[in-house]
Amino acid sequence: MAMKKCNLAFLPADGAGHIASTLEFAKRLLLHPSAAGRLSVTFLLMPVCASSFFSLNPPSSTTDIAVHLLPDLAVPSRLETDGGEDYISRVFQLYAPHVKSALAATAPAALIIDFFATTVIDAASDLQIPTYVFFSTNATFLALMLHLPALHDEIPEEFELLQGEIKVPGLAAGIPPKSMPAPLMNKKSRCYTWLVYHGRRFKDLRGIITNTLRAFEPQVLSALESDRSVPPVHPVGPVLCLDRGAAGGERHECLRWLDAQPAASVVFLCFGSLSRMTEAQAAETAVGIERSGLRFLWSLRLVESEGDGRLPAGFREATNGRGMVVVEGWVPQAAVLAHAAVGGFVTHGGWNSCLESLWFGVPMVTWPMGAEQHLNAMMMSAEMGVAAEMEIDRHRGGWATAKEVEMKLNWLMGESEDVRKVRERVREMKVASRAAVEIGGQSYDWLESLVTEFKRLPEQ
Ligand SMILES: O=c1ccn([C@@H]2O[C@H](COP(=O)(O)OP(=O)(O)O[C@H]3O[C@H](CO)[C@@H](O)[C@H](O)[C@H]3O)[C@@H](O)[C@H]2O)c(=O)[nH]1
């Protein structure tokens, strides 16, 4: 008789930065040799997540990943909310009773949620189902979130106005105001309130699975492991979705353009799945790019309803032949970073982008635009030495001058002693990333221990 499988329910968030790594993590669990066909997965899918989920081509040939579609509820429009963190947290809160019904119907052994979904923990615990979080970013931000409830009580003023640094247990250096995550800058915003709430609720989890690896954050991971008030932390990264959009279809024209460029000669600029530039910033950036004289590939998304999206007069002519701008499009970022012609990456510092850049050994300039990206930027430069930070004016929406863009691009693609050191560190991190997920690597072993833990969970 076939042995009953241990079913794990996943509750993902919308958005490429969250859902892709969550699905990839589920696949890795199922494919881990120690799972030995004993695990299955059910995605509890809110209709707002459906299009991004199905665009990832989830395996349909296997019955081990099932989808349970949650009802179509009237969710708040993004414009009615204080920002992305408020929006997604409220959507999950609205769905909590429906998640409970879905859990009662599917009876999984455990629930694995997005980190904005902690409002459903109670629904699962009412049914004696343990909840884990798949934390789609790094342990440094995790440590900050866990510390937020205490910081909230200790510090009355806005982080933005602070003169000093914020000390967080486990972090080697304090966090200066310029590196504080954007949603924490305004204590009156519901984005701030939600982050404090989630940080508090993390303590009620059975485990925290993070998309990071020991080689990137040894100190903070050790501190979290030795803190008895924190649930067990499982660093299983890098969990990367590298074949996104690779199934069928034609090779993207930007890859064909890269084929014709010399090795390591092109600087790639791309700012994730959510960030958009104002037209004024795009025009300023274009001047910096043009003056740098470098070859470039620029994935540009503009704030909707802002002007007509035209770049400054003469930009395309001045850069004809040495650059390509993909406007409002989706470039296959992983394939671009893997391309031999790419020598540097200007990124908003979303965690998946940082992980992908290091996986392919590409040094970065970080230009944070929201979420926890300012903290990631600090981590990439000050802690890990794999990037430099764009000097930006946070009081002016993260404005960077043309001069600064020109200087940082030339630094990134240049031969200074400083950038050579960065390239050396990046090479080391590339090796470490790959070693972590190979058989016997630290992240591989963490995955194995999780598989064992899941297989031992009592059946519902
Ligand atoms: O044209 C594009 C743009 C993006 N991507 C991919 O989309 C993902 C983007 O993820 P990420 O770099 O993490 O950025 P965001 O989409 O902004 O992700 C959100 O989620 C991340 C994980 O929690 C956070 O680190 C970010 O700050 C948050 O904004 C990456 O895999 C990219 O390769 C493409 O393939 N093509």
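Residues numbered from 1 in each chain as written. Predicted model: local features only at pLDDT ≥ 70, side-chain atom pairs only at ≥ 80, totals over all residues. Heavy atoms only, no water.

Student: Help me understand unusual backbone geometry, please; the structure alone is not making it clear to me.
Tutor: What you tend to see is this: most non-glycine residues have negative phi, and most peptide bonds are trans. Gly 237 connects to Pro 238 through a cis peptide bond whose omega is 0 degrees. Within the secondary structure, Pro 238 sits in the loop between β7 (233-235) and α8 (253-259). Here Gln 128, not a glycine, exhibits a phi torsion of approximately 60 degrees, which is positive. By secondary structure assignment, the location of Gln 128 is in the loop between α4 (121-126) and β5 (131-135). (Helix = DSSP H or I, 4+ residues; strand = E, 2+ residues; numbered from the N terminus.)

Student: Quick question: what am I supposed to make of the site of the ligand here?
Tutor: For the ligand, the set of nearby residues contains 23 residues, the closest of which are Ser 273, Val 331, Ser 353, Glu 356 and Glu 372. Ser 136 places a side-chain nitrogen or oxygen 2.9 Å from an oxygen atom of the ligand. Within the backbone of Val 331, an N or O atom sits 2.6 Å from a nitrogen atom of the ligand. Out of a free accessible area of 690 Å², the ligand has 97% covered by protein chains. Broken down by element, the shell around the ligand gets its largest block of residues, four residues, from helix α12 (residues 351-359). A per-class count over the shell around the ligand returns six nonpolar, 13 polar and four charged. (Near = heavy atom within 4 Å. Polar contact = N/O pair within 3.5 Å; in protein donor to acceptor, adjacent residues only side chain to side chain. Areas by Shrake-Rupley, 256 points an atom, 1.4 Å probe, with all protein chains shown as cover. Nonpolar A, V, L, I, M, F, W, Y, C, P; charged D, E, K, R; others polar.)

Student: What exactly am I supposed to notice about a nonpolar patch on the surface here?
Tutor: Judged by side-chain polarity, Phe 54, Val 67 and Leu 69 come together as a nonpolar surface patch covering roughly 280 Å² of accessible area. Tracing the backbone shows Val 67 in strand β3 (residues 65-69). (Patch = residues over 30% accessible without salt bridge, like charges linked within 9 Å, V, L, I, M, F, W, Y side chains within 5 Å. Salt bridge = Lys/Arg side-chain N within 4 Å of Asp/Glu carboxyl O.)

Student: I tried to follow the side chain of Asn 211 on my own but got confused; where do I start?
Tutor: Counting through the fold element by element, Asn 211 comes out in the loop between β6 (207-210) and α7 (218-226). Reaching out from Asn 211, the side chain makes a polar contact with the backbone nitrogen of Val 239 at a distance of 2.6 Å. Excluding residues within four positions of it along the chain, Asn 211 makes contact with Ser 21, Phe 134, Phe 135, Ser 136, Thr 137, Gly 237, Pro 238, Val 239, Trp 351, Asn 352 and Leu 355. (Contact = heavy atoms within 4.5 Å.)

Student: Please clarify how the sheet that holds strand β11 (residues 342-347) should be interpreted in this entry.
Tutor: Strand pairing in a sheet relies on backbone hydrogen bonds, with the paired strands running either antiparallel or parallel. Strand order in the open sheet made by the six strands is β10-β9-β8-β11-β12-β13, with parallel pairing throughout. Because the sheet does not close on itself, it has two edges, and the strands there are β10 (323-327) and β13 (387-389). Each strand axis lies, on average, 15 degrees off the axis of its neighbour in the sheet, ignoring direction. Looking at chain direction, β11 and strand β12 (residues 364-366) are connected through three bridges and run parallel. Across the sheet, Phe 345 pairs through a bridge with Met 364, a residue of β12. Together, β8 (266-270) and β9 (295-300) form the strand contacts of helix α9 (residues 279-292), whose direction differs from that of β9 by roughly 170 degrees. (Pairing = 2+ DSSP bridges. Axes fitted to C-alpha atoms, helices over the stretch in contact; angles between N-to-C directions.)

Student: Help me understand α12 in this model?
Tutor: Along an α-helix, a turn takes 3.6 residues, which lines up residues three or four apart on a common side. Taking burial as the measure, the nine residues of α12 include nine buried ones, the bulk of the element. Burial in α12 covers these residues: Trp 351, Asn 352, Ser 353, Cys 354, Leu 355, Glu 356, Ser 357, Leu 358 and Trp 359. Looking at the buried residues of α12, the elements they touch are α1 (16-31), α11 (333-338), β11, β12, α13 (373-383) and α15 (417-437). Looking one or two residues past α12, Gly 361 carries a phi angle of roughly 70 degrees, positive in sign. (Buried < 20%, exposed > 50% of the residue type's maximum accessible area, 1.4 Å probe, protein only.)

Student: I'm lost on the packing of α9 against helix α14 (residues 402-413) in this one. Help?
Tutor: In a pair of packed helices, the angle between the axes and the distance between the axes together describe the arrangement. Between α9 and α14, whose axes approach to 7 Å, the crossing angle comes to 40 degrees. With respect to α14, the element α9 is oriented oblique. When the axes of α9 and α14 are compared, the crossing they make is right-handed. Residue-level inspection shows Glu 284, Thr 285, Val 287, Gly 288, Ile 289, Arg 291 and Ser 292 of α9 in contact with α14, the latter providing Ala 402, Val 405, Glu 406, Leu 409 and Asn 410. Residues of the contact of α9 with α14, tallied by class, amount to five nonpolar, four polar and three charged. (Parallel < 35°, antiparallel > 145°, perpendicular 65-115°, else oblique. Left-handed = near helix turned anticlockwise from the far one by under 90°.)

Student: What is the right way to read the nonpolar core from this model?
Tutor: What tends to happen in soluble globular proteins is that the nonpolar side chains get buried as a cluster. Counting residues in hydrophobic clusters, the biggest one holds 92 residues, and the most contacted among them are Leu 11, Phe 25, Leu 111, Leu 144, Phe 159 and Phe 454. Setting aside residues up to four positions removed in sequence, Phe 159 forms contacts with Leu 151, Ile 166, Pro 177, Met 180, Leu 184, Met 185, Lys 187 and Tyr 192. If you look at the next biggest cluster of nonpolar residues, it comprises 64 residues, including Cys 270, Ala 341, Phe 345 and Ala 436. (Core = buried A, V, L, I, M, F, W, Y, C linked by side-chain atoms within 4.5 Å.)

Student: Quick question: what am I supposed to make of the environment of Val 133 here?
Tutor: Relative to the assigned elements, Val 133 resides in strand β5. Its relative accessible area of 0% is what places Val 133 among the buried residues. Separated by 16 residues in sequence, Val 133 and Ala 117 place their C-alpha atoms 8.6 Å apart. Ignoring anything within four residues of it in the chain, the contact list for Val 133 reads Ile 112, Ile 113, Asp 114, Phe 115, Leu 205, Gly 207, Ile 208 and Ile 209.

Student: It is not clear to me how the state of the cysteines should be interpreted in this structure. Could you clarify?
Tutor: Joining two cysteines, a disulfide is a covalent bond between their sulfur atoms. In total, this model carries zero disulfides according to the counting rule given. Here Cys 191 stays free of any disulfide, with the sulfur of Cys 49 as its closest cysteine sulfur at 18 Å. Cys 191 gets classed as buried once you look at its relative accessible area, which sits at 4%. Take Cys 254: it sits in no disulfide, and the sulfur closest to it among the cysteines is that of Cys 270, at 9.4 Å. (Disulfide = S-S within 2.5 Å.)

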